[in-house]
Amino acid sequence: MTPEAIRTVSQLRQEFYDRFAAKMNVPVKITTRNSSTGNLPMASWIDDRQRMNYLCIYVHTAPDELLPERPFILRVSINKGAGIIQSRLWGRDCRGINQSWHFDLTLLPEEILDFCSWIVRLIKFHRQGGVLDVPEPPHPFDFKMSTSNLLVNEAWTQKARQEIRVDH
């Protein structure tokens, strides 16, 4: 990644996690990168079933020295793709990691902060068993349904999908 892309993702990640923690209305722990295990910074929280959930922002593609024109695309993952997760951070009250659902959203850096409130609403939607209405996303996206539970578990904003298509 270029130094500019590294700075951008670091700033966006910190701002998103701070906003996310403020909107969740439950304690959220924000961890920093652990270079010894290769873990990315993430936000984690305990749900009403005492399971740890986590959100991780990482780079899907980014420009670098060899391919400076490569699109800069991020991914927000909930309960998926964060490497080694340590539920022990939450103590004895934590009953493990929530493996009952996950969600990936692939988007452009300029779209990510707009999705913070929407993602919090999506988490609450799952927590309450679909009682709440999930609002329209702030940017249009395409999604894939899970075959096992008929829930959306992967989405790309239309702009991110278009950037990937242009690159290939």
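Look a little higher up for the structure.
Residues numbered from 1 in each chain as written. Predicted model: local features only at pLDDT ≥ 70, side-chain atom pairs only at ≥ 80, totals over all residues. Heavy atoms only, no water.

**Examining the overall build of the protein**
Helices and strands together make up the secondary structure of the protein, namely 3 helices and 7 strands. Secondary structure elements in the protein, listed N-terminal to C-terminal, are α-β-β-β-β-β-α-β-β-α. Looking at the protein residue by residue over its 168 residues, the buried ones come to 45%. Carbon and sulfur atoms provide 49% of the accessible area of the protein, an area that totals close to 9,500 Å². (Helix = DSSP H or I, 4+ residues; strand = E, 2+ residues; numbered from the N terminus. Buried < 20%, exposed > 50% of the residue type's maximum accessible area, 1.4 Å probe, protein only. Areas by Shrake-Rupley, 256 points an atom, 1.4 Å probe, with all protein chains shown as cover.)

**A look at helix α1 (residues 3-24)**
Its 22 residues give α1 an end-to-end C-alpha distance of 32 Å, which sits within 8% of 32 Å, the value for a rise of 1.5 Å per residue. Those residues of α1 not exposed but buried are A5, V9, L12, R13, F16, Y17, F20 and M24. The buried residues of α1 occupy an angular sector of 135° when the element is viewed end-on, so they sit on one face. Exposed residues lying more than 90 degrees from the buried face of α1 are P3, E4, Q11 and A22. On its buried face, α1 sits against β1 (28-31), β2 (42-46), β3 (52-61), β4 (73-78) and α2 (116-127). Two residues or fewer after α1 comes N25, characterised by a positive phi angle close to 60°. (Expected span 1.5 Å × (residues − 1). Arc of directions from axis to C-beta. Contact = heavy atoms within 4.5 Å.)

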